[in-house]
Amino acid sequence: MGRADERRARQSGGRRAAPKNRSPRREAPPSRGTSRSAVEAPEAPETTEAPDTAGSPAPGGRAAARRAAAGKKGGRGVKAGGKGGKKDKSLIRRIFTWKKILGAFLLMTTAVIGALVWLYVSTPIPAGNPDAKLQSNVYKYKDGSIATRDGDVNRENVDLSKVPKEVQHTFVAAENKTFYGDSGVDLKGTTRGILNTLMGKGAQGGSTITQQYVKNYYLSQEQTVTRKLKELIISLKLDREESKEYILAGYINTSYYGRGAYGIQAAAQAYYRVDANKLTVEQGAYLAALLQAPSQYDWAVATDTGKRLVKARWNYVLDNMVEQDWLDKSKRDKMTFPEPEAPKAAPGQEGQTGYLVYAANIELANQLVATGIADNFESATALIKKGGWNIELNIDKKKQKALETAVKEQLTSKLDAKKRKVDGDVQAGAVSVDPKTGAVVAMYGGKGYTEHYVNNATRTDYQPASTFKPVILAAAFDENAKTQDGDEITSNTLYDGTSKRPVVGSDIGFAPENEDDQDYGDVTVQTALNKSINSVFAQMGVDVGMDKVLKVADDLGMDTKDLKAVPAQTLGTMGASPLQMAGVYATLDNHGKKVTPALIKTATNSAYPSFKHTDPIGEQVIDREAADSVTSVLTGVVDDGTAKKSVRDNPLRKGQKVAGKTGTSDNNKSAWFTGYTPDLVTSVGLFGEKAKTGAQVSLTGATTGLTTVAGRINGGGFPAQIWAAYTFGVSTEVTKFDLETKQGAAVQTASPSPTASASSSPTASPTPTAQDTPTSAPTTQQPTPNNTPTSTPTTNEPTGNTTTEPATEEPTVDPSDPTGPLSGDGQ
């Protein structure tokens, strides 16, 4: 067969055996005139004869067969499936193809890069921000006269060469370990900051030293995207144009370290009384740690938490220095924490002026945070330190002078540390508040701001002792509380006044000792408050519920959020300040409407919204009758209790109505008198503080001729004397309390024998008799309250409108009387 015949056979679908002299797997190439399709896809043969399978298939036969079989089996399906696939493509897949997404990303990236390049080119390094040159703040009295100016910036720039190299490294280790090798910015931290700003999360850390210096010196503290972008660009430029030494010097010279100190030189003097070139590594590490939270980490005023945190920060700095090979580990291991010196006030703030400025700044800072002008207390303090504030205080110059004079005449002029060393440990603090406006009209913070930095009027580290007992009584009246026997607590309810009597109804055992371990037997609530009997009020606190007592205390103005509701709190073992206690008693004086003492009347600054003390009186926090009933009972404390000699019988008194309570803490570390007339509330506290260390010590032994046995100072002594000399000197108008109450000493009237609720004491008789107690606690007559339930048992107390004092009444302070109690709490 020739080639032409063979080709024709293939075209017609026929198959012939290959010639014997040719390999069956070889295939003759098609002629040029034959199409490829004709070869690959021959038409089916017309003959029905079965193909010869003995030999090899014709070239292209297998592939053609497979394609033919596939076409027969699912040709139509493939076609249909193709059409269905096109329909299945979603609109999003057709629009957002990978090419389009990639293009959009590249376009966006180009735009961002272009914007940054444009910002870099168009943003110059500005001159130093005028805000870096702080202005003075002006403080005025209520009458508009200037009290002081506080604005001479405590800052002295020093060359970096004058700061020891290792001290320089403390700041780098604290804030930016990569400072010497980075480009001046932390892109990750800056991006996080911008995102947090956009999401309203406030300030975030992570900035480099360069960025912080740019923010402090060239820009501002505002948290905006624009400011952060400017900070980024200027930092990049500054890092390219200036040396690292220039940037570090600017940073440590412009940063704020607390205590009014700007820059490392001022900080070295403020905390260690040395120049910057004399700082040790340990001291430098503390100053570097301070920058994170200057107010919180100031050792002189830091809480236990603050001290713990700053020590941890100090260790962190030194450990980083070892890690960076800037400090030998053997030297590091020998280092101890360098406690800074006690603060020293800036010039021009001597006497009471510095205390007023310090307290006003704290109040203003809290207001700036509350109104959203500042994110936190630290940033608010920075805003105040920038200056430009005109602050008008509520301080009345005449009352301020009168309070200072009263403290001097009644106390400080009689202290003699040369004769009696303990006299040097006596600290006094006092606050006077107008209960109708909340205005702080006078404040005594201590012997002088330049001599004693801590403000005794606002400090909260001493116990208020028995001045807390009226709060328990207020809770009892407000909650309509009942005794363990189910009797309503009134001023005439009987309680067991036995010393060390275990309280009933508490899961926590508590059996407090009375003053001098004295037993009183069954006494009324009025007598218990007059005599400040611990056992009675410990039981009353449990009867009311200590959680409710602490809630009422918080509502009245004390800080009780972290206190445990245990019976021991009834003795006033928490911390409180004269400012807080003045607010508590002012709320009672104001018939239960919350009074928040305010030192600032107005504060204005052209750069910020003004602060004005316009509404100091808050909502009704306890029922008026409850508040007025406490006031009524407290008048009996003054007339028949521990302050009788100093207040009731004071020759300066011209008939003014007075309510108040004394207090003396355990171990005689503090002594108080907080009292009020209808128009003025004043809290006076004396605190035992070791002159050199600041540790709390006993006041016992500070003999000045007005104290009792062994020089013990109690609330009825100096505090009450100071209170009376001041109050009766400035509050000469005789007014009466406008009370809505049916009980207490202020409404005593002649009546039949009173009734009283059964004592909550487990040892009291079911039907109490008329003060059937030992001779150490003789009968005390009490009036009959109009609202006493008639179903309660009656006593056989004599009738009348006078009160007979027990023969064993707690001694009152008398200059000529050398006798008196020795120790304990209760007065």
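Look a little higher up for the structure.
A few points on the structure.

Reading the values: rules and limits
- Residues numbered from 1 in each chain as written.
- Predicted model: local features only at pLDDT ≥ 70, side-chain atom pairs only at ≥ 80, totals over all residues.
- Heavy atoms only, no water.
- Helix = DSSP H or I, 4+ residues; strand = E, 2+ residues; numbered from the N terminus.
- Buried < 20%, exposed > 50% of the residue type's maximum accessible area, 1.4 Å probe, protein only.
- Contact = heavy atoms within 4.5 Å.
- Phe/Tyr/Trp six-rings, centres within 6.5 Å; stacked < 30°, edge-to-face > 60°.
- Patch = residues over 30% accessible without salt bridge, like charges linked within 9 Å, V, L, I, M, F, W, Y side chains within 5 Å.
- Areas by Shrake-Rupley, 256 points an atom, 1.4 Å probe, with all protein chains shown as cover.
- Salt bridge = Lys/Arg side-chain N within 4 Å of Asp/Glu carboxyl O.
- Pairing = 2+ DSSP bridges.
- Axes fitted to C-alpha atoms, helices over the stretch in contact; angles between N-to-C directions.
- Expected span 1.5 Å × (residues − 1).
- Polar contact = N/O pair within 3.5 Å; in protein donor to acceptor, adjacent residues only side chain to side chain.
- Left-handed = near helix turned anticlockwise from the far one by under 90°.
- Nonpolar A, V, L, I, M, F, W, Y, C, P; charged D, E, K, R; others polar.
- Parallel < 35°, antiparallel > 145°, perpendicular 65-115°, else oblique.
- Core = buried A, V, L, I, M, F, W, Y, C linked by side-chain atoms within 4.5 Å.

Observations regarding the overall build of the chain
Move 1: In terms of regular secondary structure, the chain is built from 26 helices and 16 strands.
Move 2: Looking at the chain as a whole, 49% of its 827 residues qualify as buried.
Move 3: Sequence separation of 24 or more characterises 73% of the internal contacts of the chain that already satisfy a separation of 6 or more.

Overview of the packing of aromatic side chains
Move 1: Taken as a whole and judged by the stated rule, the model has 21 aromatic pairs.
Move 2: Seen from their ring centres, Tyr213 and Tyr217 are 5.7 Å apart, and the 10 degrees between their planes marks the pair as stacked. In this pair, Tyr213 and Tyr217 are both assigned in helix α8 (residues 209-217), four residues apart and thus about one turn of the helix distant.
Move 3: Note on Tyr213: relative accessible area 4%, which makes it buried.

Details of a nonpolar patch on the surface
Move 1: A surface patch of nonpolar side chains, about 480 Å² in accessible area, is lined by Trp98, Leu102, Phe105 and Leu106.
Move 2: For Phe105, the position within the fold is in helix α5 (residues 98-122).

Let's talk about the sheet that holds strand β11 (residues 600-605)
Move 1: Here we have five strands laid out as an open sheet, ordered β2-β1-β5-β11-β12, and mixed in their pairing. Every interior strand has two partners, whereas the edge strands, β2 (146-150) and β12 (608-612), have only one. Mean inter-strand twist for the sheet, computed between neighbouring axes without regard to direction, equals 15 degrees.
Move 2: Pairing of β11 with β12, which is carried by three bridges, proceeds in the antiparallel orientation. The residue bridging Ala603 from the neighbouring strand is Phe611, located in β12.
Move 3: Relative to β2, helix α16 (residues 353-370) is tilted by about 70 degrees, and along the sheet it contacts β1 (137-140), β2, β5 (390-393), β11 and β12.

Details of helix α24 (residues 624-640)
Given 3.6 residues to a turn, an α-helix orients residues that are three or four positions apart in the same direction.
Move 1: Helix length check: α24, at 17 residues, gives a terminal C-alpha distance of 24 Å against a target of 24 Å (1.5 Å per residue), a fit within 8%.
Move 2: Taking burial as the measure, the 17 residues of α24 include 14 buried ones, the bulk of the element.
Move 3: The residue sitting at the N-terminus of α24 and contributing the capping side-chain oxygen is Asp623; that oxygen lies 3.0 Å from the backbone nitrogen of Glu625.

Section: the pairing of β2
Move 1: With four bridges connecting them, β1 and β2 associate as antiparallel partners. Looking across to β2, one finds that Val138 is bridged to Arg149.
Move 2: Where β1 folds back on β2, the antiparallel hairpin that results is connected by five residues, among which Gly144 adopts a positive phi of roughly 95 degrees.

Quick notes on the packing of helix α18 (residues 397-410) against helix α26 (residues 718-730)
Move 1: One can describe the packing of α18 onto α26 by two numbers: an axis separation of 9 Å at closest approach and a directional angle of 145 degrees. Like other packed secondary-structure pairs, α18 and α26 cross with a definite hand, here right-handed. Between α18 and α26, the contacting residues are Lys399, Ala402, Leu403, Ala406, Val407 and Gln410 on the first element and Phe718, Gln721, Ile722, Ala725, Tyr726 and Val730 on the second.
Move 2: Class assignment for the residues of the contact of α18 with α26 results in nine nonpolar, two polar and one charged.

With respect to helix α10 (residues 244-254)
Move 1: Judged by how many residues are buried, α10 sits mostly within the fold: nine of 11 residues are covered.
Move 2: For α10, the full list of buried residues reads Lys244, Ile247, Leu248, Ala249, Gly250, Tyr251, Ile252, Asn253 and Thr254.

With respect to the packing of helix α19 (residues 469-478) against α24
Any two packed helices are characterised by how steeply their axes cross, that is the angle between the axes, and by the distance between the axes.
Move 1: Where α19 contacts α24, the two axes come as close as 9 Å, and the packing angle between them is 140 degrees. Overall, the two elements α19 and α24 adopt an arrangement that is oblique. As α19 packs across α24, the resulting crossing turns out to be right-handed. Side by side, α19 and α24 meet where Pro470, Leu473, Ala474, Phe477 and Asp478 of the first sit next to Ala626, Ser629, Val630, Val633 and Leu634 of the second.
Move 2: By residue class, the composition of the contact of α19 with α24 is eight nonpolar, one polar and one charged.

Digging into the environment of Thr596
Move 1: Along the chain, Thr596 turns up in the loop between β10 (593-595) and β11.
Move 2: For Thr596, a relative accessible area of 43% translates into the label partly exposed.
Move 3: Sequence separation of Thr596 and Ile617 is 21 residues, and the distance between their C-alpha atoms is 6.9 Å.

Section: the pattern of salt bridges
Move 1: What the rule picks out here adds up to 21 salt bridges.
Move 2: A salt bridge links Asp639 to Arg653, with the nearest nitrogen and oxygen atoms 3.7 Å apart. Taken together, the residues Asp639 in helix α24 and Arg653 in the loop between α25 (644-648) and β14 (659-664) connect sequence positions 14 residues apart.

Some words on the side chain of Asn361
Move 1: You can see Asn361 is positioned in helix α16.
Move 2: Owing to a relative accessible area of 14%, Asn361 belongs among the buried residues under this scheme.
Move 3: Not counting residues within four places of it along the chain, the set of residues in contact with Asn361 comprises Tyr139, Asp150, Ile384 and Ile391.

What about unusual backbone geometry?
Move 1: In the Ramachandran plot, Arg259 falls in the positive-phi region, its phi being about 60 degrees despite a non-glycine side chain.
Move 2: Mapped onto the elements of the fold, Arg259 is located in the loop between α10 and β4 (261-262).
Move 3: On the basis of relative accessibility, which here comes to 16%, the residue Arg259 falls in the buried class.
Move 4: The phi dihedral of Ser532 falls on the positive side, at around 55 degrees, and the residue is not glycine.
Move 5: Structurally, Ser532 can be placed in the loop between α20 (525-531) and α21 (534-544).

Observations concerning the sheet that holds strand β6 (residues 426-433)
Move 1: One open sheet accounts for five strands, arranged β7-β6-β16-β15-β14; its pairing is antiparallel. The open sheet has two edge strands, β7 (440-444) and β14, and neither has a second partner. The sheet shows a mean angle of 5 degrees between the axes of neighbouring strands, direction not considered.
Move 2: Across seven bridges, the pairing between strand β15 (residues 670-676) and strand β16 (residues 681-688) is antiparallel. Paired with Ser670 across the strands is Phe687, a residue of β16.
Move 3: Against the sheet, α24 touches β14 and β15, its axis set at about 65 degrees to β14.

Some words on the nonpolar core
Move 1: In this structure, Leu364 and Met540 are the most contacted members of the largest nonpolar core, which totals 78 residues.
Move 2: Those residues in contact with Leu364 that lie beyond four places of it in its chain are Ile384, Trp389, Ile391, Ile600, Ala603 and Phe611.
Move 3: Among the nonpolar cores identified, the runner-up in size contains 53 residues, and Val214, Leu291, Val322 and Met335 belong to it.

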